[in-house]
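Close look at the chain arrangement
Single-letter residue listing:
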Amino acid sequence: MEDKDTFFSRKYMINCNGALLDLSKPKVMGVLNVTPDSFYDGGRYFQEKTIKDQVGRLVAEGADIIDIGGYSSRPGADHIPIDEERKRLLPVLDLVRKHYPGVILSVDTFRSEIADQVVSDYRVDIINDISAGEMDPAIFETIAKLQVPYIMMHMKGTPEDMKYKARYGDMMKEITDYFSLKYDQLRKMGVKDIILDPGFGFGKNVEHNYQLLHNLEQFKIFELPIMVGLSRKSMIYKILNTTPNEALNGTTVLNSIALMKGADILRVHDVKQTREVITLIEKYRTSTGNC
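None of the values given here were measured: they were computed from a predicted structure.

Observations concerning the overall build of the protein chain
Regarding its fold elements, the protein chain presents nine helices and 10 strands. Expected size for 291 residues packed as a compact globule is a radius of gyration near 19 Å; at 18 Å, the protein chain falls within 12% of this value. Expressed along its principal axes, the backbone C-alpha trace of the protein chain runs to roughly 60 × 45 × 45 Å. Expressed as a percentage of its 291 residues, the buried residues of the protein chain come to 56%. Per element, the accessible surface of the protein chain, about 13,000 Å² overall, is 51% carbon and sulfur. Separation between the mean location of the 38 positive side-chain charges and that of the 41 negative ones in the protein chain comes to 3 Å.

Quick word on the pairing of strand β5 (residues 105–108)
Of the two faces of β5, both are covered, the one formed by Leu105 and Val107 as well as the one formed by Ser106 and Asp108. Relative to β5, strand β4 (residues 65–69) is paired through four bridges, and the arrangement is parallel. Pairing of isoleucine 66 across the sheet is with leucine 105, part of β5. Bridge count between β5 and strand β6 (residues 126–129): three bridges; the pairing is parallel. Considered in β6, the bridge of serine 106 is made with isoleucine 126. Crossover handedness for the path β5 to helix α3 (residues 112–122) to β6: right-handed.

Description of unusual backbone geometry
Although it is not a glycine, arginine 123 sits at a positive phi angle of roughly 50 degrees. Of note, the phi angle at arginine 232 is positive, near 60 degrees, even though the residue is not glycine. Along the chain, the position of arginine 232 falls in the loop between β9 (227–228) and α7 (234–240).

Structural notes on the nonpolar core
Judged by nonpolar contacts, the single largest core of 68 residues is most densely connected at Ile68, Leu93, Val118, Val124, Ile127, Phe219 and Val228. Contact partners of phenylalanine 219, with chain neighbours within four places excluded, come to Met172, Ile175, Thr176, Phe179, Leu196, Pro198, Leu212 and Ile226.

Side note on the side chain of arginine 97
With respect to the secondary-structure elements, arginine 97 resides in helix α2 (residues 82–99). Among all residues touching arginine 97, those that are not within four sequence positions of it are Val103, Leu105, Tyr122, Arg123, Val124 and Asp125.

What to know about the packing of α2 against α3
Running from N to C, α2 and α3 point in directions that differ by 20 degrees, and their axes come no closer than 11 Å. The orientation of α2 with respect to α3, classified from their angle, is roughly parallel. You can see that α2 and α3 cross each other, and the crossing is right-handed. Touching Ile82, Glu85, Arg86, Leu89, Leu90, Leu93, Asp94 and Arg97 of α2 are Glu113, Ile114, Gln117, Val118 and Tyr122, all from α3. Of the residues contributing to the contact of α2 with α3, the split by class is seven nonpolar, one polar and five charged.

A short note on α3
Since one α-helical turn is 3.6 residues long, residues separated by three or four positions face the same way. Burial in α3 covers these residues: Ser112, Ile114, Ala115, Val118, Val119 and Tyr122. Across the axial projection of α3, the buried residues extend over an arc of 165 degrees, all falling on one side. Against α2, β5, β6 and α4 (139–146) lie the buried residues of α3. In the stretch just after α3, arginine 123 is the one whose phi turns positive, near 50 degrees.

Overview of the packing of aromatic side chains
Throughout the structure, instances matching the rule amount to six aromatic pairs. Grouped by ring-pair contacts, the aromatic residues Tyr178, Phe179, Tyr183, Phe219 and Phe222 constitute a single cluster. One Lys or Arg, lysine 156, reaches over the ring of tyrosine 168 and ends 4.1 Å from the middle of that ring.

Some remarks on the environment of valine 55
Inspection of the secondary structure assignment puts valine 55 in helix α1 (residues 48–60). Among the residues examined, valine 55 registers a relative accessible area of 0% and is labelled buried. Considered as a pair, valine 55 and tyrosine 100 are 45 residues apart in the sequence and their alpha carbons are 8.3 Å apart. If we skip the residues at most four places from it in the chain, valine 55 touches Leu32, Val96 and Tyr100.

Side note on helix α6 (residues 206–214)
The set of residues buried in α6 consists of Val206, His208, Asn209, Leu212 and Leu213. All buried residues of α6 lie within an arc of 160 degrees about the axis, which places them on one face of the element. Turned more than 90 degrees away from the buried face of α6, the exposed residues are Glu207 and His214. Each element contacted by the buried residues of α6 is listed here: α5 (171–188), α7 and α8 (248–260).

What counts, and at which threshold
Residues numbered from 1 in each chain as written. Predicted model: local features only at pLDDT ≥ 70, side-chain atom pairs only at ≥ 80, totals over all residues. Heavy atoms only, no water. Helix = DSSP H or I, 4+ residues; strand = E, 2+ residues; numbered from the N terminus. Rg over C-alpha atoms; globule rule 2.2 N^0.38 Å. Buried < 20%, exposed > 50% of the residue type's maximum accessible area, 1.4 Å probe, protein only. Areas by Shrake-Rupley, 256 points an atom, 1.4 Å probe, with all protein chains shown as cover. Lys, Arg positive; Asp, Glu negative; His and termini not counted. Charge placed at Lys NZ, Arg CZ, Asp CG, Glu CD. Pairing = 2+ DSSP bridges. Right-handed = clockwise from strand over helix to strand, strands pointing away. Core = buried A, V, L, I, M, F, W, Y, C linked by side-chain atoms within 4.5 Å. Contact = heavy atoms within 4.5 Å. Axes fitted to C-alpha atoms, helices over the stretch in contact; angles between N-to-C directions. Parallel < 35°, antiparallel > 145°, perpendicular 65-115°, else oblique. Left-handed = near helix turned anticlockwise from the far one by under 90°. Nonpolar A, V, L, I, M, F, W, Y, C, P; charged D, E, K, R; others polar. Arc of directions from axis to C-beta. Phe/Tyr/Trp six-rings, centres within 6.5 Å; stacked < 30°, edge-to-face > 60°. Lys NZ or Arg CZ within 6 Å of the ring centre and 35° of its normal.

Structural measurements only, silent on function.
Shown next as structure tokens:
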């Protein structure tokens with residue numbers, strides 16, 4: 001079957017330190033949280049061996065990108081100073097670059113100073129900003145200077161108060177207008193590689209999250225890659241009356257829907273299972289049905 005540049009197969013490329021990452025087929029971003037209080041894996045990865053082993057596992061299972069975060073963005077998380085974020089991040093980046101020099105690295109930070117340092121000193125390939133410049137407006141200029149791919153997420157409020165801000169008139173219009181404004185600012189500053197993240201769970205309640213997933217394809221009007229982070233979130237385990245530890249099957253179901261709705265990158269804790277989802281969805285898409 002001919003691979004057409006359609007809704008489900010677009011010819012997106014992002015430049016990661018000179019290497020082109022082809023997003024014409026969905027990619028997997030494996031999560032490594034080096035925080036004590038993330039909702040699922042907080043406190044697990046502080047020892048050198050556990051960090052090294054976890055990155056090795058993510059790579060072996062097929063992660064295309066490793067996303068490292070030192071600032072917890074779970075609802076109600078405490079704000080930490082920049083020095084604490086550095087203390088958590090930099091030794092891990094040093095370790096990962098030493099043992100896995102070729103891996104594509106993303107850093108989950110909203111701070112322009114952190115972004116500048118990790119790209120300059122550790123050759124980080126992608127900056128993943130949960131606030132799209134709202135928590136540090138200087139990050140847009142920093143990204144324009146560094147010319148690295150930039151993931152901008154929609155969040156209403158901050159991690160500390162976003163659960164109280166989940167109120168919308170027309171949610172899809174509000175998020176679309178938000179991205180339109182940010183996209184225009186970044187393009188005028190010369191930023192080339194922009195990825196959208198609609199921000200499941202960030203200033204959105206369970207009903208908002210399912211409405212967002214149902215309408216995910218609407219963001220294709222921007223002709224930009226879309227990243228989705230659904231992994232083990234409360235929109236799964238609250239509906240199923242379980243816990244994050246029991247939310248893998250639900251994550252798989254919703255990731256499948258996200259792929260059918262046009263997601264280009266899946267940000268996940270469970271890489272092997274996500275790689276299997278992508279393989280099966282791609283087989284479904286390319287099958288002619290003629291035997």
